[in-house]
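# Structural overview
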Amino acid sequence: MIGKENHVADSTSAPRSGGIVSVLAVAGIVASLMQTLVVPLIGELPRILHTTPANATWVVTATLLAGAVTTPVIGRLGDLYGKRRVLLGCSVPLIAGSVLCALAGSLAPMVAGRLLQGMGMGMIPLGISALRDLLPPERLGSSIALVSSSLGIGGALGLPFAAAVAEQTSWRVLFWTAAALNVLVAVMMWLLVPATPARAAGRFDPVGALGLGAGLVCLLLAVSKGADWGWTSGTTLGLLGAAAVVLAVWGWWELRTRDPLVDLRTTARRPVLLTNAASIVVGFSMYAQSLIIPQLLQLPEATGYGLGQSMLAAGLWMAPSGLVMMLVSPLGARLSAARGPKFTLVCGALVIAVGYGSSVPLMGSTWGLLVVTCLCGMGVGLAYGAMPALIMGAVPVTETAAANSFNTLMRSIGTSVSAAVVGAVLAQMTVNLGGHVLPSEDGFRAGMLIGCGVAVLAAAIALTIPTRSSGRSSSPHEQAPAEPSAAPAR
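Keep in mind that what you see is a predicted model, and the values were worked out from it rather than measured. (Residues numbered from 1 in each chain as written. Predicted model: local features only at pLDDT ≥ 70, side-chain atom pairs only at ≥ 80, totals over all residues. Heavy atoms only, no water.)

## Regarding the side chain of D205
Its location among the elements puts D205 in the loop between α10 (171–192) and α11 (206–229). A distance of 3.1 Å separates the side chain of D205 from the side chain of W253, its partner in a polar contact. In contact with D205, not counting residues within four places along its chain, are W253, E254, T257, D259, P260 and L261. (Helix = DSSP H or I, 4+ residues; strand = E, 2+ residues; numbered from the N terminus. Polar contact = N/O pair within 3.5 Å; in protein donor to acceptor, adjacent residues only side chain to side chain. Contact = heavy atoms within 4.5 Å.)

This is how it looks when you write it as C-alpha cells:
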C-alpha cells in the first residue's frame, strides 16, 4: 500500500503539485468562510427573517451542528470511495445551501441552507488527507500546514469580506457570492485535483454515523444553548445526559463492528489520543479571542474601554491575523521537518498564550489588539499545521481521512466549549451604561486570561505526546503499524 502511495505522489509534477495545493487551500478558505458569513447580519436577522432574536441564533448554530456531525462521516467516505470524489460531493451542499439562503425570506429555509453549508466543512480535513496521496514527500509538510491553516484564514478574512458586502449591497448578494465562490472551487477541483485511490476496504457504518450524529447533536446543543436555556434547566441537563448515554452506546458499537465509522482502537493510541486532546484545548484558546476582540473593537468609546469601530472596520483590524496564519505556515513546516510536529505544536500553543498575555497592556487601543490577534494567529497557524502531521504519522494510510476528520471534530468541540465558557463569563461580569447591560472591562480581561491559561494547558498536553524512539515524530508519509483488529465478525 505504501509503495502504491509513493508511486502516486512521485508521479505528480511540481507545477501540478502547486496547483493541487492552491486549489485545496482555496477550497478550505471558502468552506471556513461559511462560518463567519452571517456574523455581520446577526443584528438584522430577526427583521430579515421575521422572527425573534432567540430563534435567529439557529442560523449560526445550524452550521456548527451540521459541520460537527457530518465531518467524521465525510472522512470515512473519503477513505472508502476516494477523496477527490467526496471532495466534489462536498461542494454540492455548499452551493445548494448558499442558493437556498440567498432565496430565503423566513427562518426555516435560512436554517436549512445553513445546515447544508455546514455539511461542506468536512472538505478541509479531507483535503489535508488527499495531500498524502497526491504529493511527493518533500512538499507534504508545507502543504499540510498551508491547507490546515485555511480554517483560520477563512474565518479571519470572512468577517471583513462579509461586512463589506452586507454594508454596500443587499444581504442576498452575500449568499449569491458564496454560491459563485463554491462553484468556482468545484470547477477548479474537477480540473486540477487528480483522482485518489480508495484506501480502505469494507463497508460504510450507517449505525455508527447515526449514533455519533445523535450524540454530537445532544452535546453541542446543550453546550451552545445552555446559556440561553439555563445550565441547570431540564432541557440542558437532559441533553447532556442523553449525549453521555448515546455516545457510550456508540462507542460500544464501534468496538464491536467490523467496519467502524471511527476506529476507536486507533484513536486510543497515545499519539492520536493526546493530539486530539490538545486539539480540543487549542480550539478553545483559538476561539476565545475571536469572541472577545470584535466586541471590544465595536463597543462605544463612552464605555471607557470600547474602541467605537464599525463592523467593517473591526473586521479589517482582525483580517491581518488570517494573513499571518498563511505566512507562518511554511515556517511551521520547516520547524516540523527539523524538530518534529510535536515541537511545532508546543511552540504554537505557547505563542497563543503569549498573544493572550500581551492583551493585558495592549487592550486599550486598536493597534494593541492588532498585535494580540496577529500573535494568536501566528500560534494558531503553527498549531493547526502540526496537528494533521501528528495524526497522519500515527495512523495507517487507510484511515487518514477518517482520523483527520475526527481531529477536526475535536477542534470544533473545543470552539463550542469556548463559546459557552466565554459567553458565561461575559454574561456574569457586566456594567450598566445608559440602560444597556454590557460586558465589563474586567469580564473581557478575565476571558483573555482564561484563553492564556488554556493555551498553556494545550502546550502541556502536547509535551506528553510520545514520539518514536529515534526522537523524531514520524513523517506523514510513513504508515503507522496496523494493530490487529479485535472486532468480532458479525
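## A word on the packing of helix α14 (residues 270–298) against helix α15 (residues 311–339)
At their nearest, the axes of α14 and α15 sit 9 Å apart, and the two run at 130° to each other. Judged on the interaxial angle alone, α15 and α14 are oblique. Between α14 and α15 lies a crossing whose hand is right-handed. Only M311, A314, W317 and M318 of α15 make contact with α14, whose side of the interface consists of Q289, S290, I293, P294, L297 and Q298. Of the residues in the contact of α14 with α15, the class split is 7 nonpolar, 3 polar and no charged. (Axes fitted to C-alpha atoms, helices over the stretch in contact; angles between N-to-C directions. Parallel < 35°, antiparallel > 145°, perpendicular 65-115°, else oblique. Left-handed = near helix turned anticlockwise from the far one by under 90°. Nonpolar A, V, L, I, M, F, W, Y, C, P; charged D, E, K, R; others polar.)

## Focus on the environment of T235
Looking at where T235 falls in the secondary structure, it is placed in helix α12 (residues 234–256). T235 sits in the partly exposed class, given a relative accessible area of 45%. Sequence spacing of T235 and A222 is 13 residues, and the spatial spacing of their C-alpha atoms is 7.9 Å. (Buried < 20%, exposed > 50% of the residue type's maximum accessible area, 1.4 Å probe, protein only.)

## Observations regarding the pattern of salt bridges
Any two side chains of opposite charge can pair, given that their charged atoms come close. Tallied over the full model, the rule gives 4 salt bridges. The salt bridge involving R47 is made with E44; its shortest N-O contact spans 2.9 Å. By relative accessible area, which is 57% here, R47 ends up exposed. Given a relative accessible area of 37%, E44 falls into the partly exposed group. A cluster of three or more residues bridged by salt bridges with shared partners is formed by D79, K83 and D133. (Salt bridge = Lys/Arg side-chain N within 4 Å of Asp/Glu carboxyl O.)

## Regarding the side chain of N182
Relative to the helices and strands, N182 is located in helix α10. The class of N182 is buried, set by a relative accessible area of 3%. A polar contact is formed between the side chain of N182 and the backbone oxygen of A178, at a distance of 2.9 Å. Other than its neighbours up to four places away in sequence, N182 contacts V30, M34, L94, I95 and S98.

## Topic: the nonpolar core
Counting residues in each nonpolar core, the largest one holds 108 residues, and the members touching the most others are L131, F175 and L345. Examining the composition of this core, we find that 12 residues originate from one element, helix α17 (residues 366–392), more than from any other. If we skip the residues at most four places from it in the chain, L345 touches A278, V282, A383, A386, M387, L390, A462 and I465. Counting residues in hydrophobic clusters, the runner-up holds 21 residues, among them V69, C218, A243 and L264. (Core = buried A, V, L, I, M, F, W, Y, C linked by side-chain atoms within 4.5 Å.)

## What about the packing of aromatic side chains?
Aromatic ring pairs are reported here in terms of the distance separating the ring centres and the angle at which the planes meet. The tally for this structure, following the rule as stated, stands at 3 aromatic pairs. Between W317 and W367, the ring centres sit 5.0 Å apart and the planes meet at 85°, which makes this aromatic pair edge-to-face. Pair noted here: W317 is in helix α15 and W367 is in helix α17, with a separation of 50 residues, a long-range link. Assessed through its relative accessible area of 59%, W367 is described here as exposed. Its guanidinium or amino end placed over the ring of W190, R84 lies 5.0 Å from that ring's centre, counting from NZ or CZ. Over the ring of Y384 we find R411; its NZ or CZ atom is 4.3 Å from the centre of that ring. (Phe/Tyr/Trp six-rings, centres within 6.5 Å; stacked < 30°, edge-to-face > 60°. Lys NZ or Arg CZ within 6 Å of the ring centre and 35° of its normal.)

## Brief notes about the environment of D205
The exposure class of D205 is buried, given its relative accessible area of 4%. Expressed as a C-alpha distance, the spacing of D205 and A108, which sit 97 residues apart in the sequence, is 30 Å. A polar side-chain atom of D205 sits 3.0 Å from the main-chain amide nitrogen of G208.

## Thoughts on unusual backbone geometry
At H50, a residue that is not glycine, the phi angle is positive and equals roughly 55°. For H50, the location among the structural elements is in the loop between α3 (45–49) and α4 (53–56). The class for H50 is exposed, based on a relative accessible area of 69%.

Nothing here speaks to function; it is geometry throughout.
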